[in-house]
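# Fold and contact review
Below are the chains, spelled out letter by letter.
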Amino acid sequence: MCYNKTHDEITTYNFRKERGIKTYMNIINKIAGKTLYGIARLISIVLDTIIALVETMVMIISSIARGFVVLIGMGGCLFLLLFAGPLGVALLLNPTVLLTIAFFIIAPILGTKFISYLKYIRYVTTEYLFDRASYLIDGKSYQFETFDEYKKKYKRMQDEKRRKRQEENRARQERKWEERFRQWNTHQNSQRSNWGYGSEQAYVNPTNEFKTKYEKSCNLLEVGYSEDQYQIKLAYRKKAKRYHPDINKSPDATEKFQQVNEAYEFLSDGNIERYKSIV
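Residues numbered from 1 in each chain as written. Predicted model: local features only at pLDDT ≥ 70, side-chain atom pairs only at ≥ 80, totals over all residues. Heavy atoms only, no water.

Secondary structure summary: the protein contains nine helices and zero strands in total. Across the protein, contacts joining residues at least 24 apart in sequence account for 67% of those joining residues at least 6 apart. With the model as given, the accessible surface of the protein reaches about 19900 Å², and the carbon-plus-sulfur share is 61%. (Helix = DSSP H or I, 4+ residues; strand = E, 2+ residues; numbered from the N terminus. Contact = heavy atoms within 4.5 Å. Areas by Shrake-Rupley, 256 points an atom, 1.4 Å probe, with all protein chains shown as cover.)

On to the pattern of salt bridges. Following the criterion strictly, the structure yields eight salt bridges and no others. A salt bridge links Arg 122 to Asp 48; its shortest N-O distance comes to 2.4 Å. Of this pair, Arg 122 sits in helix 4 (residues 95-138) while Asp 48 sits in helix 1 (residues 2-75); the two residues are 74 residues apart in sequence, bridging distant segments of the chain. Among the salt bridges present, the one from Asp 159 reaches Arg 162, with a minimum N-O distance of 2.6 Å. Residue Asp 159 and its partner Arg 162 are located together in helix 5 (residues 147-193), separated by three residues, close to a single helical turn. Under the relative-accessibility criterion, Asp 159 is labelled partly exposed at 42%. (Salt bridge = Lys/Arg side-chain N within 4 Å of Asp/Glu carboxyl O. Buried < 20%, exposed > 50% of the residue type's maximum accessible area, 1.4 Å probe, protein only.)

Now for the nonpolar core. With 20 residues, the main nonpolar core has Phe 210, Tyr 214, Leu 221, Ile 232 and Leu 267 as its most contacted residues. Counting only elements with at least two residues in this core, the list comes to helix 5, helix 6 (207-221), helix 7 (229-243), helix 8 (253-266) and helix 9 (269-278). Apart from the residues within four sequence positions on either side, Tyr 214 is in contact with Tyr 225, Glu 227, Phe 266, Leu 267, Asn 271, Ile 272 and Tyr 275. (Core = buried A, V, L, I, M, F, W, Y, C linked by side-chain atoms within 4.5 Å.)

A separate point is helix 4. The end-to-end C-alpha separation of helix 4 is 60 Å, in line with the 64 Å expected for 44 residues at 1.5 Å each. Of all the bends in helix 4, the greatest, near 35°, is centred on Ile 106, and the proline Pro 108 appears no more than four residues after it. Just past helix 4, the residue Gly 139 takes up positive phi, approximately 80°. (Expected span 1.5 Å × (residues − 1). Bend = angle between axes of the 7 residues up to and from the residue.)

This part takes up the layout of surface pockets. In this structure, the largest pocket spans a volume of roughly 2100 Å³. Lining the largest pocket are 43 residues, and of these Arg 162, His 244, Pro 245, Asp 246 and Phe 257 sit closest to its centre. Every element with two or more residues in the lining of the largest pocket is listed here: helix 4, helix 5, helix 7 and helix 8. A total of twelve residues in the lining of the largest pocket trace back to one element, the largest contributor, which is helix 5. Classifying every residue of the lining of the largest pocket by side-chain character gives 15 nonpolar, eleven polar and 17 charged. (1 Å grid on protein atoms, 1.4 Å probe; cavity = no way out; pocket = protein on both sides within 12 Å on 5 of 7 lines; lining within 4 Å. Points joined across faces, edges and corners; volume = space filled by probe spheres on them. Nonpolar A, V, L, I, M, F, W, Y, C, P; charged D, E, K, R; others polar.)

Below, the discussion takes up the confidence of the model for the protein. For the protein, the average pLDDT comes to 83, and 83% of its residues sit at 70 or higher. Ranking the helices and strands of the protein by mean pLDDT puts helix 6 first, with 93, and helix 2 (residues 77-84) last, with 57. (pLDDT = per-residue confidence, 0-100.)

With that settled, consider unusual backbone geometry. Positive phi, normally seen in glycine, also occurs at Glu 222, with a value near 60°. Take Glu 222: it is sitting in the loop between helix 6 and helix 7.

Here it is, written out as structure tokens:
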């Protein structure tokens, strides 16, 4: 009888000890999780503040640069005479002037890239920390096991945003040309019904401009003028991969990448059918 009682007491003691240890570990985990959550929030706030400041600076610098370009445009010949003379040469050779011009050209470009990088760091770092904090506080499973997988998720998200934006631009391009052809056809019908005394508003036949833009876009993607959407998409992916700024480090890669995107956006299903109907 004594043996059974001692055994029960030992079992109860071990159970309480294990429960106490588990409770203690849960408290430690929750404290660690809340600390980690606080760190993630702090990083997010700091990076958000830096991003907002850099965006404001880039916007101000870009506005000043655009204003200066407009001022030069308004000055026209006066500025040409000024810079062609001795004073202009002296100004252009002045290191301070050259550095100022370079700053207003380079700062918006580097600023935009820096903002993109900061957003990337903010998302990857905070998502990783928030996931670990949730695991410690509530026992929720991680989204991903490694830090690199969060990086890949961010890139997938950016690619999806870029794809949606591209589809919106394609639809906008298609609507734009539909409207131009509609206006031209309405104008032509009005001229015929009124025996040449239609609206005084000038309308230009958009056919030649459309054909030129279509053929130029095809040439840029290196596809034939009669290719379908599937072939155009294959050519676009090949070109986009070649000139993607993350892969191609040449100075004109970003410009080429933008031109390739614009060409693909123009070559929508509607514009392909329109070209075939014209030729």
